[in-house]
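Read off the chains here:
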Amino acid sequence: MAQIFHPRTNTISRVSLFGALFFLTGLAWVCGELSRSSYVTREGSPMEQPVPFSHKHHVRDDGIDCRYCHTSVETSAFAGIPPTETCMNCHSMIWSNAPMLEPVRASFQTGQSIQWTRVNYVPQFVYFNHSIHIHKGIGCTTCHGPVGDMPLTWQNATLQMRWCLSCHEQPEQFVRPRDQVFNVDWKPPLNQLDQGRHLLKEYNIKSLTDCYTCHR
Amino acid sequence: MSSLKLPSPDLASVRARLATARGKQYWRSLEEAAASPEFQQFLHREFPNHASEWYDDLSRRQFLKLMAASFALAGLSACMKMPQEKIVPYVRQPEEIIPGKPLFFATAMTLGGYATGLLVESHEGRPTKIEGNPRHPSSLGATDIFAQASILTLYDPDRSQVVSNAGRISTWSAFLEGLNAALEAQTAKNGAGLRVLTETVSSPTLARQIAALLEKFPRAKWHQYEPLARDNIMEGARLAFGQPVETRYHFDKADVVVALDADFLFSGPGWVRYAHDFAGKRRVRTGQSAMNRLYVMEPVASTTGAMADHRLAVRAGEITAVAFIIAKELGAVEETDATLGDRHDRWIRAVVRDLQNHRGACLVVAGDHQPPIVHALAHAINHALGNINHTVVYTDPVAAHPVNEIESLRELVRDMNEGAVETLVIIDGNPAYDAPSDLAFSEAMSKVGFRVHLGLYEDETAQLCHWHIPEAHYLETWSDARAHDGTVTIQQPLIAPLYDGKSAQELVAAILGHPNQASHDIVREYWKTHALPTDDLWHAALYDGTVPNTALSPKAINLRSIQPHDTTLTTEVELLFRPDPTVWDGRFANNGWLQELPKPLTRVTWDNAATVSPHTAEKLGVADEEVIELRVNGRGVRAPLCILPGQADDTVVLALGYGRTHAGPVGNHAGVNAYAIRSSDAMWLAPAVEIHGTGERYSLARTQHHQSMEGRDLVRVGTLDEFRKNPAFAHNEIDQPSLYPGFKYDGYAWGMSIDLTACVGCSACVMACQSENNIPIVGKDQVARGREMHWIRIDRYFQGGLDDPEIYFEPVPCMHCENAPCELVCPVSATQHSDEGLNEMVYNRCIGTRYCSNNCPYKVRRFNFLQYSDLKTQSLKSMRNPNVTVRNRGVMEKCTYCVQRIQAVKITAETQDRKIRDGEIIPACAQACPTQAIVFGDINDPNSRVTNAKGQPHNYGLLVELNTRPRTTYLARIRNPNPELET
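Residues numbered from 1 in each chain as written. Chains lettered and ligands numbered in written order. Predicted model: local features only at pLDDT ≥ 70, side-chain atom pairs only at ≥ 80, totals over all residues. Heavy atoms only, no water.

Asks: Is there a simple way to explain the overall build of chain A in this structure?
Replies: Summing up its helical and strand segments, chain A has 10 helices and one strand in all. For chain A, the N- to C-terminal ordering of α and β elements is α-α-α-α-α-α-β-α-α-α-α. Against the compact-globule benchmark of 17 Å for 216 residues, chain A has a radius of gyration of 25 Å, which places it well outside the compact range. Here chain A holds 216 residues, and 36% of them are scored as buried. Roughly 13,200 Å² of accessible area belongs to chain A as shown, and the carbon and sulfur atoms make up 62% of that amount. (Helix = DSSP H or I, 4+ residues; strand = E, 2+ residues; numbered from the N terminus. Rg over C-alpha atoms; globule rule 2.2 N^0.38 Å. Buried < 20%, exposed > 50% of the residue type's maximum accessible area, 1.4 Å probe, protein only. Areas by Shrake-Rupley, 256 points an atom, 1.4 Å probe, with all protein chains shown as cover.)

Listed below in structure tokens is the structure:
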């Protein structure tokens, strides 16, 4: 009986089987890397804003504390974006005619809010609370990065659950004394782990990996 | 699609079965008591009769196509970017708003003219949850189902949104032109053709405005009408005292209460307060076991009857005779020829003796639907027992201008038929639907030249009016109202009117010639010249939710002697009209939450049914769910029958409030319209009724069978004597070891205790939970398949014989088992155990295998079989609690012990570096409960209320023999029967 298949088909079938296996693994790897990449997470890329607000200018150059604008960070889940009035506290007197600030002045005059693009946010089934993090000694720059040196604002961390867990499982690596929470230049000292463990006890930090801590 | 294709039980055999039962046997329905093999089969499946299978019209081919497409797309969602969001701050941020923290404002809701004080939670300017106002005398922190559900009415997308002129969209200014033209004509005649029809008004501001209107138009008339008018009570007071007085009860001082068809624990002005006071005298704890005693005589089982220590099913018409007999025994009337023969003789004598033994500390209450003579007799009996100014006080009426409302309506209809009415303004009523049918209100109204309607919906009355003005909901406007004891609350808005609605005050101001006067100014003006002259006092009144010193003080009364009345029964079978327990008089017909709330006794949803006793059903030869025709005076309705054990024989009860045609898409065509056979001379008891079965079947969506725990020892009841002799009578558990290592609870350990002696079955907890946790409604069809989504449900049990059972309620939330069967079987770990004892449910992990629900012995887990949550309607998005995830299709959900409240309090306490105080965390169900039956707290704290409750000897858990170690436990129901009557 004549062979139906040419001997070359042996090679083809082996190549295609292994190839399919490698292809699928490769596809899975690509999808995995993609889901972690800054393309998907928007890590590190500044967002288009109605006014090109520079944290570097206001924090590093002018020395304004985070809480002047983000007023509810110690009392509420949301840190708060400042109302136009806060901007106008200064900008009614300085740079009061700058074209760059026209949207701010227009907002104040017409009563229409400025529509900022949100930079740091998590999905709606995650209930993040700023006030408890501040109280337990997590500084602004720990999660938001070197905001004081950002000419335009970008998201500094992936904000994926595995990133949150990297601290929630080992908070002693990141916790700082309460009086340093708003210090934009704080760096973990050499004995961070020791100091961290001490602070965990002092600040009563526990039960961080229960689902209900963040998901309700 | 009917799920209940069970054969109708043979009542005789059921009776026989129950009579020979050894020991107590609890049953939830006739079918369960019959225990037919079909029923056992039915019960074994949690979702009855193939409910989890596909019955609908989608073909298999279409289904597979859809599934293939969604499967292909499913994998991609994880890789996709989150959509870009905008974040929009204020321009000028109000000082007191902190985004993320709710504010609470005091206001009140009125029903029938009586106000219940509320605190409303507001998130960023949107009201989201209603709570009771602890400083208000009618509430003391609790609410009823109507207050809880009223938030849905505020955001109801079916509310009327525009001024309409004969069906065409118009404007307020166009209306004012038309109104002024009509009023100009009236001014010349001193208002002879002007009529204003309102509901019962207790608002001092509105009353003052209408008085001003009547000064401006001296020949105009003001009519008040509500379908549940309290005329009988006023007439009864007139009979007894010669003047209309308001009766107020002090249940906290009464040791013996006799209710003559009075459902004081579920309806009537001040019932939330009365339930609280009554339960206060009923709670049993070690060291405090003095209990009050409740006797109830009623024609139809009610929640008050379920609480009774002794309940007698008596025909409504016979209660007059009973009242006379009791009055004669106590010397309150000279003589009477009322007699019931030997029936109930022993019962009544025991009641009389008990009353006599508690002079000055007892109470006889006559029901709202009893004729005036029964009320007069109740007053006389209370007087004879020395209860006046102890357990009952009399005050001036709460209504601003009390009238006999049915007479008022009759007069209006007469005037309309004579053509004397040229301009009719209807403020917030629906007489075209709910006026008694013999008055033919709609026909009479068509003779009026200019008709205006102010209402929340474009309802049946609005369809017949020239102008319809959308009304501002009570949460959108300024007003004032009086509570059951007269205390005034200034109602303040929580949100600007969503649809430019106008309040009653604004409409009357327009008639008075001030068309653009705002409600705020009207109310402020009035109170400046009354009790609140300064701004400080005004703000204090708004803050507290009450105006000080406005409670009505007791007044002296003179009792007249009561003449004998003819007490013979006028009809063989009585047809009673009662307000529907969840839809009331029909005003809440479009409120989906209330439509889906199972009625306390019948457990029917989305329908009203005519209820009869089993004996009467046999006599009439009709079966459960058979459609019967009720004819009164030539008018008839067809209603499905529901057999309700415990109802008096020869009595049919039909609830009002259904059968609406213009309620909105939710309420239209649900149920039957009982107003069609109600006549103005027999508002509560029809004079003669013909009943016959039609042989057709109408399936009712009832929840009584759902989530069965298969008849194990679930409700435990004992008498006070049993408790005293053997306090641990409810305990029969043995401590069982477990193979699982168990959790260590070092910090807080949350637990809950539900006191069955205090639970009246009012379902306020169910509504509160639905509001707090964004629970969707599913509709009648899905309820019939057992898919209702309530996280806490109320199970109703009967115990005893078929004809005269005792009735018990048991609320069942998630037990938060320490050895939870549901946690072990989830393939994706969507349900975990927290280190504080909560059984966590993580919606974003759930893939919908439903294995957890399968494993739960309490059947408290609810699955979103379909997309029940409405994610599209804009107004409903504002209503939702932002702290609770809105669940999508395919996700399991269940009671979380209000974890959002726990976490909020925990965060607050941690930021203040302190421990959580007992009572600081209150789940929604516990907060709404009028009797404080639900207690929540930390069981690791030896001094907390919940530890105290769980330490009581009569504490027990459900199904503990399965070794689930539930954190929700119950305090057994303790009854206080009269030894003379207990056989």
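That covers the picture; the talk isn't over yet.
Asks: Help me understand the overall build of chain B, please; the structure alone is not making it clear to me.
Replies: Regarding its fold elements, chain B presents 31 helices and 41 strands. Its C-alpha radius of gyration of 28 Å places chain B within 12% of the 30 Å reference for a compact globule of 983 residues. Counting only C-alpha atoms, chain B reaches 90 × 75 × 60 Å along its principal axes. Split into buried and exposed, the 983 residues of chain B put 63% on the buried side. For chain B, the share of sequence-separated contacts (at least 6 apart) that also reach a separation of at least 24 residues comes to 74%. In the structure as shown, chain B presents an accessible area of about 36,400 Å², 51% of it carried by carbon and sulfur atoms. Counting 97 positive and 115 negative side-chain charges, chain B places the centres of these two groups 4 Å from one another. (Contact = heavy atoms within 4.5 Å. Lys, Arg positive; Asp, Glu negative; His and termini not counted. Charge placed at Lys NZ, Arg CZ, Asp CG, Glu CD.)

Asks: Please explain the packing of aromatic side chains as it appears in this structure.
Replies: For any pair of aromatic rings, the description rests on two quantities: the centre-to-centre distance and the angle between the ring planes. Residue and element names in this part refer to chain B. Under the criterion given, the structure shown has 22 aromatic pairs over all chains. Seen in terms of ring centroids, Y526 and W527 are 5.1 Å apart; in terms of plane orientation they differ by 80 degrees. Their pairing is edge-to-face. The pair formed by Y526 and W527 is uniform in burial state, with each residue classed as buried. Ring centres 5.2 Å apart and planes at 15 degrees place the aromatic pair Y748 and W750 in the stacked group. (Phe/Tyr/Trp six-rings, centres within 6.5 Å; stacked < 30°, edge-to-face > 60°.)

Asks: Is there a simple way to think about helix 14 (residues 405-417) of chain B in this case?
Replies: An α-helical turn contains 3.6 residues, so a residue and the one three or four places further along point in the same direction. Residue and element names in this part refer to chain B. Along its 13 residues, helix 14 runs 18 Å from first to last C-alpha, staying within 8% of the 18 Å computed at 1.5 Å per residue. Buried within helix 14 we find E405, I406, S408, L409, L412, V413, D415 and M416. Elements in contact with the buried residues of helix 14: strand 8 (194-198), strand 9 (221-224), helix 8 (231-241), strand 16 (423-427) and helix 16 (441-445). Two or three places before I406, at the start of helix 14, stands the capping residue N404, its side-chain oxygen 3.3 Å from that residue's backbone nitrogen. Looking one or two residues past helix 14, G419 carries a phi angle of roughly 80 degrees, positive in sign. (Expected span 1.5 Å × (residues − 1). Polar contact = N/O pair within 3.5 Å; in protein donor to acceptor, adjacent residues only side chain to side chain.)

Asks: How do you make sense of the pairing of strand 24 (residues 626-632) of chain B when you look at a structure like this?
Replies: On a regular strand, one side chain projects to one face of the sheet and the next to the other, so that they alternate. All names here are of chain B. Extensive coverage of strand 24 is indicated by the burial of six of its seven residues. Pairing of strand 24 with strand 28 (residues 690-697), which is carried by five bridges, proceeds in the antiparallel orientation. Pairing of I628 across the sheet is with G693, part of strand 28. Sheet analysis places strand 24 next to strand 25 (residues 635-643), joined by six bridges and oriented antiparallel. What sits directly across from V632, in strand 25, is R635. Two successive antiparallel strands, strand 24 and strand 25, enclose a turn made up of two residues, where N633 displays a positive phi of approximately 50 degrees. (Pairing = 2+ DSSP bridges.)

Asks: It is not clear to me how the sheet that holds strand 12 (residues 293-298) of chain B should be interpreted in this structure. Could you clarify?
Replies: Two orientations exist for strands paired in a sheet by backbone hydrogen bonds: parallel and antiparallel. Residue and element names in this part refer to chain B. Pairing within the open sheet is parallel, and its four strands lie in the order 13-12-11-14. On the outer flanks of this sheet lie strand 13 (310-313) and strand 14 (362-366), each paired with one strand and no other. When the angles between neighbouring strand axes are averaged without regard to direction, this sheet yields 10 degrees. Judged from the five bridges that link them, strand 11 (residues 256-260) and strand 14 form a sheet pairing that is parallel. Looking at the pairing, V257 lines up with L363 of strand 14. Along the sheet, helix 13 (residues 372-384) makes contact with strand 11 and strand 14, crossing strand 14 at roughly 170 degrees. (Axes fitted to C-alpha atoms, helices over the stretch in contact; angles between N-to-C directions.)

Asks: For this particular structure, what's the right way to read the interface of chain B and chain A?
Replies: Interface size, as often reported, equals the accessible area lost upon joining of the parts. In this complex, chain B contributes 43 residues to the contact, which on the side of chain A involves 43 residues. A combined buried area of about 4,100 Å² lies between chain B and chain A, and 57% of that area is made up of carbon and sulfur atoms. When the buried surface of chain B facing chain A is broken down by residue, M82, I87 and V91 of chain B rank first, second and third, together holding 17% of it. Taking the shortest distance from any N to any O, the salt bridge between K136 of chain A and E910 of chain B comes out at 2.4 Å. Applying the counting criterion to the chain B and chain A interface returns 21 residue pairs in polar contact (both at pLDDT 80 or more). Mapped by element, the contributors of at least two residues to the side of chain B that touches chain A are strand 2 (86-87), strand 34 (831-833), strand 35 (839-841) and helix 29 (899-911) of chain B. When residues of the side of chain B that touches chain A are assigned to their parent elements, the largest contribution, seven residues, is made by helix 29 of chain B. Each residue belonging to the side of chain B that touches chain A can be placed in one class, and the counts come to 19 nonpolar, 14 polar and 10 charged. Strand direction decides the pairing type here: strand 1 (residues 116-117) of chain A and strand 2 of chain B, joined by two bridges, are antiparallel. The residue bridging T117 of chain A from the neighbouring strand is K86 of chain B, located in strand 2 of chain B. (Buried area = accessible area lost by both parts, 1.4 Å probe. Salt bridge = Lys/Arg side-chain N within 4 Å of Asp/Glu carboxyl O. Nonpolar A, V, L, I, M, F, W, Y, C, P; charged D, E, K, R; others polar.)

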